[in-house]
Amino acid sequence: MVETKVWKIEAVEDSREAINEAAALLKQQQTVAFPTETVYGLGADATKEEAVDKIFQAKGRPSDNPLIVHVGNAGQIEKYVAEIPEIADKLLKAFTPGPLTLILKSNGTIANNVTAGLSTLGIRIPDHPVARMLLETCKLPVAAPSANKSGRPSPTSASHVYEDLNGRIAGLIDGGITGVGVESTVVDCTSEMPMILRPGGITKEQLEEVLGPVMVDPALAKEGEKPKSPGMKYTHYAPEAPLWLVEGDSAHLQAQIENCKSAGYKTGVIVSRETATEIEAENVKICGSHANLKEVAVHLYDTLRAFKKSDVDIILCETFSETGVGEAIMNRLNKAAVKKINQL
Ligand code: TXA
Ligand code: MG
C-alpha cells in the first residue's frame, strides 16, 4: 500500500502547485493518474523501466499489452520514433492535440516494457489542459494506460480511479469528468495503408476525410482472429454483474426483461432516453440518446460502473448504431458483454 495523494483542480489557472507536485512524483519514478480528454490515464516516466513496472503492478495489467506514450507537442514525437511518414504528418496536423494515437516505428529510446518488446510505439498528444500542463512541467514522455484495474471499465472521473487504484498509486489529479468518454482511436501508420486498430474518439469518417480510404483491423469484426493491437484481445470494460447485449426493438428487450424476472434474476437495464420511454423495468439507467451518440460515449463507462453486484445479478443493455463514435461504443460493449441476444 502507498498513500495516494489526491489534488482537486477547481480551475486550471490555480493548479500550478498541484501540477508541480504531481510532476515531481513522476520525476521520482512514481505513478500519477491524470485526466485526459478521453479517459483518465495512469502515468509514469516512459524512459524508465522501473517506473513503468509500477503501472503494470497497480493495474494488474498483462505485460504483453503495450502502453501509449503521451507527449505535450508534435515536436516531441520525433525524439522517440524512427520516422514520421506522410500519413502520420497529415494526422498530426488534422487531429492533434486530440483523441488519436499513432503507431509508428520506435527508435528504441522508450523503455522496453512500454512497447512490450514490439518494434513500434503508440504515441499521442492529449487535448486536456491539465494533461498538457503536467506534460509541459515534467518534460518527460509519459506512458499512460487508462487508469482502471485491468479488465474494468475505463475511468471517466477521479472517483472511478480512486475506486480501482487508491493505495496502489502515488498520486491522482482530480480534474473533473473527462470530455469524450471513450479512448483514443489507435491508427497504425507503419504501412502504406493506414489501419484502425482500435476505434475511438476520432471516427473513421473523420480520418478518411484527411487520408482517403482507411482500413479497419479485420480481427475487430471477427471473433477468434488475432488483433494487431495486443490490448484488443483481452476481456475488458466489464461491469460488476454480467452484461448481456440485447439487439432488436423495445418489445424484444421487454421480453428479455420479463424472462430474467421470471428466472428470478435482479436485472439492471442500460438504455437510451428513447427506449426508456418504451419499456417497463425496475433498475433502468439512461446513458444518452440515439440521436446523439457522443452523449452515449460520455456516459458509457460511468453507467457500466453504476450497477453494483449487490444490486443486480444481470445487466441487459441495448445496442447502438455503429456510425461515427457508435463504432467505438459498440466495440466496447461487445467486449464488455458475456452474451449477445439477437432478435430472430
Ligand atoms: O485515450 C486513450 O488512449 C487512453 C488515455 C489515457 O490516453 N489510454 C488508453 O490506453 O486507452 P490503454 O493502455 O488502455 O490502451 C492502449 C491500447 C491497447 O489496446 C494497446 O494494445 C494499444 O493501445 N497499443 C499500444 N501500443 C501499441 C503498439 N505499439 N502497437 C499496437 N497497439 C498498441
Ligand atoms: Mg484501457
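Just so we're clear, the structure is a prediction, and the values are computed from it rather than from any experiment.

**Details of the sheet that holds strand E11 (residues 215–216)**
Consideration 1: Strand order in the open sheet formed by 11 strands is E1-E8-E2-E3-E7-E4-E6-E5-E9-E10-E11, and the pairing between neighbours is mixed. In this open sheet, the two edge strands, each paired with only one partner strand, are strand E1 (5–8) and E11.
Consideration 2: Judged from the 4 bridges that link them, strand E5 (residues 100–105) and strand E6 (residues 120–124) form a sheet pairing that is antiparallel. Each residue of the ladder has a partner; that of Leu104, found in E6, is Leu121.
Consideration 3: Seen against the sheet, helix H1 (residues 16–27) touches E1, strand E2 (32–35), strand E3 (40–45), strand E7 (142–143) and strand E8 (171–174) and runs at an angle of roughly 150° to E1.
Consideration 4: The strands that helix H7 (residues 158–165) touches are E1, E2, E3 and E8; relative to E8, the one it contacts most, it runs at about 160°.

**Remarks on the nonpolar core**
Consideration 1: Grouped together as the largest cluster of nonpolar side chains are 44 residues, with contacts concentrated most on Leu91, Leu102, Val114, Ile123 and Leu207.
Consideration 2: For this core, the secondary structure elements donating two or more residues are E3, helix H2 (49–59), helix H4 (86–95), E5, E6, H7 and helix H8 (204–211).
Consideration 3: Ignoring sequence-local partners within four residues, the contact set of Ile123 consists of Ile68, Val69, Val71, Ile77, Tyr80, Leu100, Thr101, Leu102 and Leu104.
Consideration 4: One finds Tyr237, Leu304, Phe307 and Phe320 within the second-largest nonpolar core, a separate group that totals 26 residues.

**Things to note about the side chain of Thr275**
Consideration 1: For Thr275, the location among the structural elements is in helix H10 (residues 273–276).
Consideration 2: Among the polar contacts made by the side chain of Thr275, one reaches the side chain of Ser272 at a distance of 3.0 Å.
Consideration 3: The residues contacting Thr275, other than those within four sequence positions of it, are Ser250, Leu253, His290 and Glu318.

**A word on helix H11 (residues 293–306)**
Consideration 1: In a regular helix each residue adds 1.5 Å, so 14 residues correspond to 20 Å; H11 covers 19 Å between its end C-alpha atoms and thus fits that length.
Consideration 2: At His299, H11 shows its maximal kink, close to 45°.
Consideration 3: Within H11, burial applies to Leu293, Glu295, Val296, Ala297, Leu300, Tyr301, Thr303, Leu304 and Arg305.
Consideration 4: Buried residues along H11 sit in contact with H7, strand E12 (243–246), strand E13 (267–271), H10, strand E14 (283–286) and helix H12 (326–336).

**Side note on the packing of aromatic side chains**
Geometry of an aromatic ring pair is reported as the spacing of the ring centres plus the angle between the planes.
Consideration 1: Overall, the coordinates contain 2 aromatic pairs when judged by the stated rule.
Consideration 2: A ring pair is formed by Tyr237 and Tyr301, whose centres lie 5.5 Å apart and whose planes are at 15°; its orientation type is stacked. Here Tyr237 is found in the loop between E11 and E12, whereas its partner Tyr301 is found in helix H11, with 64 residues between them in sequence.
Consideration 3: Note on Tyr237: relative accessible area 1%, which makes it buried.
Consideration 4: Of the residues examined, Tyr301 reaches a relative accessible area of 0% and is grouped as buried.
Consideration 5: Both rings, one in Trp244 and one in Tyr265, keep their centres 6.4 Å apart while their planes meet at 85°; by these two values the pair is edge-to-face. In this pair, Trp244 is assigned in strand E12 and Tyr265 in the loop between helix H9 (250–262) and E13, connecting sequence segments 21 residues apart.
Consideration 6: Owing to a relative accessible area of 15%, Trp244 belongs among the buried residues under this scheme.
Consideration 7: According to the relative accessible area criterion, Tyr265 is partly exposed, its value standing at 37%.

Rules and cut-offs
Residues numbered from 1 in each chain as written. Chains lettered and ligands numbered in written order. Predicted model: local features only at pLDDT ≥ 70, side-chain atom pairs only at ≥ 80, totals over all residues. Heavy atoms only, no water. Pairing = 2+ DSSP bridges. Helix = DSSP H or I, 4+ residues; strand = E, 2+ residues; numbered from the N terminus. Contact = heavy atoms within 4.5 Å. Axes fitted to C-alpha atoms, helices over the stretch in contact; angles between N-to-C directions. Core = buried A, V, L, I, M, F, W, Y, C linked by side-chain atoms within 4.5 Å. Buried < 20%, exposed > 50% of the residue type's maximum accessible area, 1.4 Å probe, protein only. Polar contact = N/O pair within 3.5 Å; in protein donor to acceptor, adjacent residues only side chain to side chain. Expected span 1.5 Å × (residues − 1). Bend = angle between axes of the 7 residues up to and from the residue. Phe/Tyr/Trp six-rings, centres within 6.5 Å; stacked < 30°, edge-to-face > 60°.

On their own, these measurements won't tell you what the molecule is for.
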